[in-house]
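# Inside the fold
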Amino acid sequence: MNINDIIEREIADADRRQAVERESKAYDRELRRRVWRRRWRTIGDIIGLIATLAFFAALCWLCCAGSGYHWE
């Protein structure tokens, strides 16, 4: 084994390490993206629930006010 073989092997090893590191970073980035999507979907569901409850409360208030039914 001569010096050129050793250098080529070290270069190949460095290339493999860089490829693994790039894959790892891409995987981490994809996981973070999925977590954010899930969080935004959950926030959207909560906002939708609040809007629906507010709509039904307003509808109930309008029905009570329109019918003349008051607690006074």
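In the block above lies the structure referred to throughout.
## Remarks on the overall build of the chain
From N to C terminus, the chain includes one helix and zero strands. Relative to the 2.2 N^0.38 estimate, which gives 11 Å for 72 residues, the radius of gyration of the chain is 31 Å and therefore markedly larger than a compact globule would have. Looking at the 72 residues of the chain, the share that counts as buried comes to 0%. Entry remark: accessible area of the chain is about 7,000 Å², with carbon and sulfur atoms responsible for 62%. Charge separation in the chain, taken as the distance between the mean sites of 13 positive and 11 negative side-chain charges, equals 4 Å.

## Details of a nonpolar patch on the surface
Taken together, the side chains of W36, W40, I43 and I47 make up a nonpolar region of the molecular surface, amounting to roughly 470 Å² of accessible area. Mapped onto the fold, I47 is located in helix α1 (residues 3-67).

## Here we look at the environment of E30
Take E30: it is sitting in helix α1. A relative accessible area of 27% means that E30 is categorised as partly exposed. Considering only alpha carbons, one finds E30 and A58, 28 residues apart in sequence, at a separation of 42 Å.

## Considering the packing of aromatic side chains
This structure, assessed with the given rule, holds one aromatic pair. Residue placement shows R39 over the ring face of W36; its charged tip is 5.1 Å from the ring centre.

## Details of α1
The terminal C-alpha atoms of α1 lie 96 Å apart, and with 65 residues this matches the ideal 96 Å at 1.5 Å per residue to within 8%. Put simply, N2 is the residue that caps the front of α1, since its side-chain oxygen is 3.0 Å from the backbone nitrogen of D5. Immediately beyond the C-terminal end of α1, within one or two residues, lies G68, with a positive phi of roughly 85°.

## Digging into the pattern of salt bridges
In the structure shown here, the tally under the stated rule is four salt bridges. With a shortest N-O distance of 3.0 Å, E30 and R33 are connected by a salt bridge. Highlighted residues: E30 and R33, both in helix α1, separated by three residues, approximately one helical turn. For the salt bridge of E30 with R34, the shortest nitrogen-to-oxygen distance reads 3.3 Å. Here R34 and E30 lie together in helix α1, a separation of four residues that amounts to about one turn.

The rules behind each value
- Residue positions are given per chain, counting from 1 as you read along its sequence in written order.
- Only residues with pLDDT of 70 or above have their local features reported here, since the model is predicted, and side-chain atom pairs are shown and tallied only from 80 upward, although totals for entire chains, interfaces and linings are computed over all residues.
- Side-chain descriptors were evaluated using all non-hydrogen atoms of the structure, hydrogens and water having been removed beforehand.
- Secondary structure counts use DSSP, requiring at least four H or I residues in a row for a helix and at least two E residues in a row for a strand, with both numbered from the N terminus.
- The atom set for the radius of gyration is the C-alpha atoms, and the globule formula is 2.2 Å times the number of residues raised to the power 0.38.
- Three labels apply to residues, based on accessible area from a 1.4 Å probe with only protein chains included: buried if under 20% of the type maximum, exposed if over 50%, partly exposed otherwise in between.
- Residue burial considers only the protein chains on display, and all accessible areas are found by Shrake-Rupley using a 1.4 Å probe.
- Counting rule applied: Lys, Arg positive; Asp, Glu negative; His and chain ends not counted.
- Charge positions are represented by NZ for Lys, CZ for Arg, CG for Asp and CD for Glu.
- Only residues whose relative accessible area exceeds 30% and that form no salt bridge are eligible for patches; like-charged ones are grouped when within 9 Å, while nonpolar side chains (Val, Leu, Ile, Met, Phe, Trp, Tyr) are grouped when within 5 Å.
- By definition, a salt bridge exists where a carboxyl oxygen of Asp or Glu is found within 4 Å of a side-chain nitrogen of Lys or Arg.
- Stacked, edge-to-face and tilted are the three classes for Phe, Tyr and Trp ring pairs, Trp counted by its six-membered ring, which pair at centre distances within 6.5 Å; planes under 30 degrees apart are stacked, over 60 edge-to-face, the rest tilted.
- We count a charge as sitting over a ring when the NZ of a lysine or the CZ of an arginine lies within 6 Å of the ring centre and within 35 degrees of the ring normal.
- To estimate how far a helix should extend, the number of its residues minus one is multiplied by 1.5 Å.
- Whenever two N or O atoms come within 3.5 Å, that pair is a polar contact, provided that in protein one can donate a hydrogen and the other can accept it, and provided that, for residues adjacent in sequence, both atoms are side-chain atoms.

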